[in-house]
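# Inside the fold
Here's the letter readout for the chains.
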Amino acid sequence: MKKILLAIILSATLFGCADHSVSLQEQLDQQIQVIDQLPIASANYRKPFYTYYTEPSIGHYQSSDTYNAFTYQSMRFVMNLNVTAIMNASQQPQQSSTLEPIAIKQGEMKNIQGTLIPYTIEIYQFNRKSVVYMTTSELNFFGIVDTGDASTLAGKMYSIARSVTIRKDAVLRVYSKQPAISYEGEAINLYRDIAPEEGTLQDLIHDKSRIDTSKDRSTSDEN
């Protein structure tokens, strides 16, 4: 546990603030490189279909069985279970827009089970902000932040994604008999809100009234 806390502190010290002397692409590459060297903490939150870990500095302010909304400092972002991709195991994460990202990172990450999971992280310019979008074969993340914070937010998404354990049997049991969830696997559209039904980019910008410091139930509260 001490090693994990030390690694988190080191990561925050190195990358808590963006280094404007290097490009956004370099900042993103450095974030992922450092996180890949860190140990993956055991899950401290449990959902019906998956478990995951978030560090104490990340707040939880809204959720459903397949959706979570987080806050980190002044940044807000959402995570959605990618049910369609889980049910179609051959599906690979695709680039989310025909627009040109200002930074992109693709590869495979090793999750807490030691399994290699393909991922794509994209950062787009959106008015005076940046949209950060991460997709894996299991999850989708969305967030809008100041461009100087974009690589930091991408790192938080990536860290959470590494810790996730999916209960694929439960996903298949529940969703194989139901109509497809329309938002799973949808590409982000930077000019019209087609993000998930609850975790929308519009919510991240306009719906500030629902933020609080409450969290989802942690695994210590589960039987």
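Scroll up to find the structure this text is about.
Values in this document were obtained by computation on a predicted structure and should not be read as measured data. (Residues numbered from 1 in each chain as written. Predicted model: local features only at pLDDT ≥ 70, side-chain atom pairs only at ≥ 80, totals over all residues. Heavy atoms only, no water.)

## Focus on the overall build of the protein
Selection criterion: Helical segments are the DSSP runs of H or I of at least four residues, strand segments are the runs of E of at least two, and each set is numbered from the N terminus. For every residue, the accessible area obtained with a 1.4 Å probe (protein chains only) is divided by the maximum for its type, and the residue is called buried under 20%, exposed over 50%, and partly exposed between those limits. Contacts: residue pairs with any heavy atoms within 4.5 Å of one another. To measure how exposed things are, a 1.4 Å probe is used in the Shrake-Rupley method; for residues, cover is taken only from the protein chains shown.
When helices and strands are tallied, the protein shows 6 helices and 10 strands. Out of the 223 residues belonging to the protein, those deemed buried represent 49%. Within the protein, contacts between residues separated by at least 24 positions form 59% of all contacts whose residues are at least 6 apart in sequence. For the protein, the exposed surface amounts to about 11,300 Å²; the carbon and sulfur share of it is 50%.

## Considering the sheet that holds strand β1 (residues 45–46)
Short version of the rule: DSSP-based pairing: two strands are paired if at least 2 bridges between them are found.
Strand order in the open sheet made by the 3 strands is β1-β2-β10, with antiparallel pairing throughout. Sheet topology places β1 and β10 (165–166) at the edges, where each strand pairs with a single neighbour. Judged from the 2 bridges that link them, β1 and strand β2 (residues 50–52) form a sheet pairing that is antiparallel. Each residue of the ladder has a partner; that of tyrosine 45, found in β2, is tyrosine 52.

## Points about the packing of helix α2 (residues 24–36) against helix α4 (residues 150–163)
Selection rule: To obtain an axis, a line is fitted to C-alpha atoms, over the contacting stretch when the element is a helix, and the angle between two such axes runs from 0 to 180 degrees between their N-to-C directions. If an angle is under 35 degrees, it is roughly parallel; if it is over 145, roughly antiparallel; if it lies from 65 to 115, roughly perpendicular; otherwise it is oblique. In this scheme the crossing of two helices becomes right-handed for a clockwise turn of the near helix relative to the far one and left-handed for an anticlockwise turn of less than a right angle.
Interaxial distance between α2 and α4 falls to 9 Å at its minimum, and their mutual angle equals 30°. Looking at the two axes, α2 sits roughly parallel to α4. Crossing hand, α2 versus α4: right-handed. Within the contact between the two elements, α2 uses Leu24, Gln27, Leu28, Gln31, Ile32, Ile35 and Asp36 and α4 uses Ala150, Ser151, Thr152, Ala154, Gly155, Tyr158, Ser159 and Arg162.

## Things to note about the sheet that holds strand β7 (residues 116–126)
Ordered by their spatial adjacency, 7 strands build an open sheet running β3-β4-β5-β9-β8-β7-β6, and the pairing between neighbours is antiparallel. This sheet does not close on itself; its edge strands, each paired only once, are β3 (58–63) and β6 (103–110). The average angle at which neighbouring strand axes cross in this sheet is 20°, direction not considered. Relative to strand β9 (residues 139–145), strand β8 (residues 129–136) runs antiparallel, the two being bridged by 6 bridges.

## With respect to the nonpolar core
Most often, soluble globular proteins keep nonpolar side chains buried together rather than apart. Put simply, the rule reads: Remark: nonpolar core denotes a set of buried residues (Ala, Val, Leu, Ile, Met, Phe, Trp, Tyr, Cys) joined through side-chain atoms within 4.5 Å.
Counting 40 residues, the largest nonpolar core has Phe77, Leu81, Met134 and Phe141 as its most contacted members. The biggest single contributor to this core is α4, with 7 residues. Not counting residues up to four positions away in its chain, the partners in contact with methionine 134 are Met109, Tyr119, Thr120, Ile121, Leu139, Asn140, Phe141, Met157, Tyr158 and Ala161.

## Points about helix α5 (residues 168–175)
Short version of the rule: This arc is taken over the directions from the axis of the helix to the C-beta atoms.
Turning to α5, its buried residues number three or more, namely Ala170, Val171 and Tyr175. Seen end-on, α5 carries its buried residues on one side only, within an arc spanning 105°. On its buried face, α5 is in contact with β5 (75–81), α3 (83–87) and β10.

## Thoughts on the pairing of β3
In terms of burial, β3 is a largely internal element, 5 of the 6 residues being buried. Bridge count between β3 and strand β4 (residues 67–72): 5 bridges; the pairing is antiparallel. Across the sheet, residue histidine 60 finds its bridge partner in β4, namely phenylalanine 70. A loop of 3 residues connects β3 with β4, the two strands running antiparallel in sequence.

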